[in-house]
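# What the coordinates show
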Amino acid sequence: MNHEHHEEQQKTYICPMHPEVRSDKPGHCPECGMNLVPEKKKKEFNKHAGHKTSSFLGKFWISLILTIPILAYSDLPEALFSWQFPAFVGSRYLALILGSIVFFYSGWVFLMGAWHELRARLPGMMTLIAIAVSAAYFFSVGSVISGSEHTLFWELATLITIMLLGHYIEMKSVQSAQGALKELSKLLPDMAEVLRGGNSISIPLAELKVGNVVFVRPGAKIPADGKVMEGKSEVNESAVTGESKPILKSEGSEVIAGTLNADGSLKIQVTKIGEYTFLAGVMKLVQEAQSSKSRLQVLSDRAAFYLTLIAITVGVITFAAWLSGGSGASFAIERLVAVLVIACPHALGLAVPLIASISTTLAAKNGFLVKQRMALESARNIDIILFDKTGTLTTGEYGVEKVVAAPNQKESDVIQLAASVDSHSEHFVSKAIVRYAKDKNIPLLPIEDFKRISGKGVSASVQGKRILAGGEAMIGQAPKETEIFSKQGKTIIYAIADENIIGFIVLGDIIRNESREAIAGLKAMGIKTAMVTGDSEEVAKWVADELEIDEYFARVLPGEKSEKVKLLQSKGLKVAMVGDGINDAPALTQADLGIAIGAGTNVAVESAGIILVRNNPRDIPKIIKLSRLTYAKMIQNLWWATGYNIIAMPLAAGVLVSYGILLQPAVSAVLMSLSTVIVSVNAVLLKRRVL
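Residues numbered from 1 in each chain as written. Predicted model: local features only at pLDDT ≥ 70, side-chain atom pairs only at ≥ 80, totals over all residues. Heavy atoms only, no water.

### Re the sheet that holds strand β1 (residues 13-14)
- Strands sit in the order β2-β1-β3 across an open sheet of 3 strands; the sheet is antiparallel. Both edges of this open sheet fall to β2 (22-23) and β3 (37-38), since each of them pairs with a single strand only.
- Note: β1 against β2, 2 bridges, orientation antiparallel. Across the sheet, the residue bridging to Y13 is S23, located in β2. (Pairing = 2+ DSSP bridges. Helix = DSSP H or I, 4+ residues; strand = E, 2+ residues; numbered from the N terminus.)

In structure tokens, the structure reads:
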């Protein structure tokens, strides 16, 4: 049993159409959307060149050039125009010679694709095409040898030509859909400028090591994840995080490999390289998403398999029926070819994988990464979204929310004096006040005789005045006007000058403006919201009221969050959990959809199906919208890819021949290719949707 499992793990899967596409697990070809099949003998695939998109165009032109004389010396000109091209010595063998070149050169890729499908016991599109063109070719060769004039060379040549062109167009559509994902691997520069001994040396990126200091010039790409040691510049992170606005970076700021520096110079200490970088994490997620399947994709795979079996069965019955009916082998084989071609499940094979690929790209452009496609599909059915408060709905950092000045005092003076005294303190509340003053461009004043008052606050002499900054213990009893803030769980810091209160500062975990927009957006979509927090009832109620959240859970320990998810699920609700992806892992796993907020190290969180790269709650309504759009497009494509066969297959079989309605093999090929192109175009239209 273990031996069999080991062999399964060692299998390599390849695409029947594109043998250069290889994977260590089942999935779909990124070039054409076909099922990957197990590789049987590695050496077989090293022989075949020219299986790339450009080669299909080349084969098409050669096939088209050879098809023109085949058509010219067929029975078509006489049937349509009552005229024939002049005969010459050996002209009766022209179609045989040129048709053989078309069959073995241009059609070989279909024959080999069928061979791989059959060896893997996964008959599909290539099998149908191969049976169709082989039946037409060998019947025609037999007719020439026996002296019969009834051949199918022009049908064979036009069929292969149209199939090559159709496949080329489809492949181009898929490539354009996946272009944005492939560009991720091109974001990194080839060289890095490293500072050594006061000099800068350009080295290949592969030689870069953690701890190196790199110099990034204006307009250059950042070569590795790191921390800014010196300099100030805006950095464009849109290609990686989806954030369109340039981010200001200064000393201490973290930067991401592959992002673009603007007009300043930066000295950066490398903290991560290679597979540990943020970009590598993104690429890993993209790869996982590409190999994962949604329920509809599994359904389309099964439908394509059964459609192939149905097509072969109907084709054989059609052939036998017309042959036994006395219509002749030529007409019977023509009907067989038409049925097999019209039923090719190529459109079905592309219907879902192409949309899944585009949705993955669209998600990355909008600031979130789809780790599991099943997660994106389930998002459309979510009834309620449960948010972790700290770091998700709030910034997770202490900050000044409000400054209240006493009568005849200015708010700016309150902040200036309090921040000046606090500038010598290491307390996180003091740091928040100092940071607020700097953000408001309020200058700090020089101080003397700084003192820490244990359990109360700090004091110092400022411009001859004794200034104190501290909590309620500093003044004995809080004024009534602060009661409302105290009930909200806020921290109140009083500013006192010469024993007179000149004002107070309200601090707390600041609610993000993005959270308000996110909650409003979800309500507009008919989705309820809930919040879970370890804070007190008062704090939880205040945040919930501020954001108009439908339901909240207070005083919840990290390990109890998953119980709240279960509680909501017990009410029959489909629950999405939004958390930081580390402390919230059990809840993310328990939820019907886990959404991890957090960039950098959190990007590869295993417990979440979707990761918000930008740490922005506003991207959550986009997930729901993309899920709904993706599902609608998949259903449209599945209906088109299967529905047209209901009408086309009987016509190809000749059920309406008595009414003069008959699909020739070449027309069947056009319809089949057209259906695939329509599916591709419909999928590509998803790229234009704004989330």
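### What to know about the pattern of salt bridges
- Under the defined criterion, the tally for this structure stands at 14 salt bridges.
- A salt bridge links E546 to R516, with the nearest nitrogen and oxygen atoms 3.5 Å apart. Residue E546 is located in helix α21 (residues 537-547), and its partner R516 is located in helix α20 (residues 513-524); the two are separated by 30 residues in the primary sequence.
- According to the relative accessible area criterion, E546 is partly exposed, its value standing at 36%.
- Residue classification places R516 among the partly exposed residues on the basis of a relative accessible area of 35%. (Salt bridge = Lys/Arg side-chain N within 4 Å of Asp/Glu carboxyl O. Buried < 20%, exposed > 50% of the residue type's maximum accessible area, 1.4 Å probe, protein only.)

### Concerning the packing of aromatic side chains
- According to the stated counting rule, one finds 12 aromatic pairs in the structure shown.
- When the ring of Y73 is compared with that of F85, the centres are 5.8 Å apart and the planes differ by 45°; the resulting orientation is tilted. Taken together, the positions of Y73 in the loop between α2 (53-72) and α3 (76-81) and F85 in the loop between α3 and α4 (94-106) put the pair 12 residues apart, joining distant regions of the chain.
- In textbook terms, an aromatic cluster arises when at least three aromatic residues are bridged by ring pairs, as seen for F103, F104, Y137, F138 and F153.
- Over the ring of F331 we find R335; its NZ or CZ atom is 5.4 Å from the centre of that ring.
- Its end group placed over the ring of Y631, R380 keeps NZ or CZ at 3.4 Å from the ring centre. (Phe/Tyr/Trp six-rings, centres within 6.5 Å; stacked < 30°, edge-to-face > 60°. Lys NZ or Arg CZ within 6 Å of the ring centre and 35° of its normal.)

### So, the pairing of strand β20 (residues 500-511)
- Taken across its 12 residues, β20 has 9 buried, putting it largely inside the fold.
- Where strand β15 (residues 394-405) meets β20, 8 bridges bridge the pair, whose relative direction is antiparallel. Within the sheet, the bridge partner assigned to T394 lies in β20 and is I511.
- Here 7 bridges tie strand β19 (residues 491-497) to β20, and the two strands are oriented antiparallel to one another.

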